[in-house]
Amino acid sequence: MIIDTHVHYNLEPFFLGWQEHWQKAQEHGVEKSIVVGTDLETSQRALQIAQTEKNLFAAVGIHPGEIMQDKVFEKSFAELSDKINEKVVAIGETGLDYFHLENDAQKTALIAAQQNHFRAHIRLAKNTHLPLIIHVRDREETAYWDVLRILEEENFSGKYILHCVSGPLPYIKKALKMGAFCSIAGNITYKNAQHIREIVDTIPADRLLLETDAPFLPPQEFRGKPCEPWMISLTAAYVEKELRVDLAQVAENAQLFLKKLNEYNANTV
Ligand SMILES: [Zn+2]
């Protein structure tokens with residue numbers, strides 16, 4: 001059994017006709033998935049999809065790459081918060097992404113805005129008792145350490161996923177001490193992904209998760225094409241063979257992590 005903890009049936013090229021892609025994913029062993037929102041509209045789509053299909057769940061949030069003014073953010077975020085229902089299993093994706101800000105004259109202001117928006121997501125997760133799905137990316141180490149610092153400053157003690165895990169090993173170790181779950185995407189299969197494979201070696205078996213991040217990050221043999229949700233089966237086969245990852249344990253982690261998912265199932269049986 002495979003649980004995809006991060007997939008975008010709510011984005012093109014999947015949203016129109018997501019049912020077909022979901023069907024194909026199930027034929028490749030995917031049993032449940034979390035459809036992750038990146039802004040107000042795609043969070044609403046995630047909810048719509050999750051309402052239609054028993055084994056699809058939603059995460060709602062505004063991606064740190066979505067640059068918007070505080071006022072616009074606040075309005076969208078309030079609307080999004082109001083829409084949380086029993087099919088929402090996480091808040092995200094949220095986090096910090098300094099990767100594309102390198103040559104931006106507004107860099108300092110944009111970083112401040114990202115951090116404020118991240119804090120808003122953390123507070124919502126605390127209020128709703130939901131886990132966080134965190135996106136972190138940087139050319140340097142700053143964003144990684146900022147994420148952990150802000151989680152501490154906000155006294156966040158809930159569960160959280162570092163989606164498409166990356167970053168320096170000391171950061172990973174600290175994140176694990178702070179309760180992080182680490183999710184591996186298709187880029188683990190890339191020839192130059194030695195660092196990510198090293199990261200996976202340091203993650204205890206009970207903290208590992210799998211994701212596609214479809215339509216992004218296709219496994220090696222489909223590089224250059226959109227990643228399709230069924231391709232998680234290739235990533236799963238790779239980590240099982242090359243990194244001796246126990247897939248049953250990984251699926252169990254996803255179930256445990258998504259406590260709300262279990263409760264939801266129990267209530268609907
Ligand atoms: Zn994503």
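Not measured: the values here are computed from a predicted model.

Digging into the overall build of the chain
Helix and strand counts for the chain come out as ten helices and eight strands. Since a compact globule built from 269 residues should have a radius of gyration of about 18 Å, the 17 Å found for the chain is in line with a globular shape. Across the 269 residues that make up the chain, the buried fraction comes to 58%. Residue pairs at least 24 apart in sequence account for 72% of intrachain contacts in the chain once pairs closer than 6 positions are excluded. Split by element, the accessible area of the chain, about 12000 Å² in all, is 50% carbon and sulfur. Charged side chains of the chain number 28 positive and 37 negative; the gap between the two group centres comes to 3 Å.

So, the coordination of the zinc ion
Protein coordination of the zinc ion is provided by H6 (NE2), H8 (NE2), E93 (OE) and D213 (OD), with donor distances spanning 2.2 to 2.5 Å. One way to put it: the four donor atoms around the zinc ion meet at angles of 85 to 177°, and that makes the site irregular. The motif formed by the donor residues of the zinc ion, counted along the single chain, is H-x1-H-x84-E-x119-D. Placement of H6 in strand 1 (residues 2-7) and of D213 in the loop between strand 8 (208-210) and helix 8 (232-242) is noted, with a sequence separation of 207 residues between them. We classify H6 as buried; its relative accessible area is 1%.

So, helix 8
Along helix 8, the residues classified as buried are I232, S233, T235, A236, Y238 and V239. Buried-residue contacts for helix 8 involve strand 1, strand 2 (30-36), strand 7 (180-184), helix 7 (194-202), strand 8 and helix 9 (247-257).

Topic: the layout of surface pockets
One number sums up the size of the largest pocket: a volume of about 520 Å³. Surrounding the largest pocket, 25 residues form its lining, H63, D97, H100, H135 and R137 being those nearest its centre. With three residues, strand 5 (residues 132-137) is the single largest residue contributor to the lining of the largest pocket. For the lining of the largest pocket, the residue count by class is ten nonpolar, ten polar and five charged.

Considerations on unusual backbone geometry
P13 follows E12 through a cis peptide bond whose omega is 15°. With respect to the element layout, P13 can be found in the loop between strand 1 and helix 1 (18-27). A cis amide bond links A214 with the next residue in sequence, P215, at an omega value of 15°. Locating P215 in the fold gives a position in the loop between strand 8 and helix 8.

Details of the state of the cysteines
Counted according to the given criterion, the structure contains zero disulfides. Looking at the unpaired C164, the closest cysteine sulfur is the one in C227, lying at 11 Å. According to the relative accessible area criterion, C164 is buried, its value standing at 15%. The exposure class assigned to C227 is buried, which follows from its relative accessible area of 1%.

As for the sheet that holds strand 6 (residues 160-162)
Reading across the sheet, the eight strands line up as 1-2-3-4-5-6-7-8 and stay open at both edges, with parallel pairing between neighbours. Lying at the two open borders of the sheet, with one neighbouring strand each, are strand 1 and strand 8. Each adjacent strand pair in this sheet contributes to an overall mean axis angle of 30°, direction not counted. The pairing of strand 2 with strand 3 (residues 56-60) spans four bridges and is classified as parallel. In the strand pairing of strand 3, S33 is matched with L56. Sheet strands touched by helix 1: strand 2 and strand 3. Its angle to strand 2, the strand with the most contacts, is close to 140°. Relative to the sheet, helix 2 (residues 40-52) contacts strand 2, strand 3 and strand 4 (88-97), its axis offset from that of strand 3 by approximately 160°.

Definitions and cut-offs
- Residues numbered from 1 in each chain as written.
- Predicted model: local features only at pLDDT ≥ 70, side-chain atom pairs only at ≥ 80, totals over all residues.
- Heavy atoms only, no water.
- Helix = DSSP H or I, 4+ residues; strand = E, 2+ residues; numbered from the N terminus.
- Rg over C-alpha atoms; globule rule 2.2 N^0.38 Å.
- Buried < 20%, exposed > 50% of the residue type's maximum accessible area, 1.4 Å probe, protein only.
- Contact = heavy atoms within 4.5 Å.
- Areas by Shrake-Rupley, 256 points an atom, 1.4 Å probe, with all protein chains shown as cover.
- Lys, Arg positive; Asp, Glu negative; His and termini not counted.
- Charge placed at Lys NZ, Arg CZ, Asp CG, Glu CD.
- Donors = N, O, S within 2.8 Å, 3.2 Å for Na, K, Ca; no water.
- Tetrahedral: all angles 85-135°; square planar, octahedral: opposite > 155°, others 65-115°.
- 1 Å grid on protein atoms, 1.4 Å probe; cavity = no way out; pocket = protein on both sides within 12 Å on 5 of 7 lines; lining within 4 Å.
- Points joined across faces, edges and corners; volume = space filled by probe spheres on them.
- Nonpolar A, V, L, I, M, F, W, Y, C, P; charged D, E, K, R; others polar.
- Disulfide = S-S within 2.5 Å.
- Pairing = 2+ DSSP bridges.
- Axes fitted to C-alpha atoms, helices over the stretch in contact; angles between N-to-C directions.

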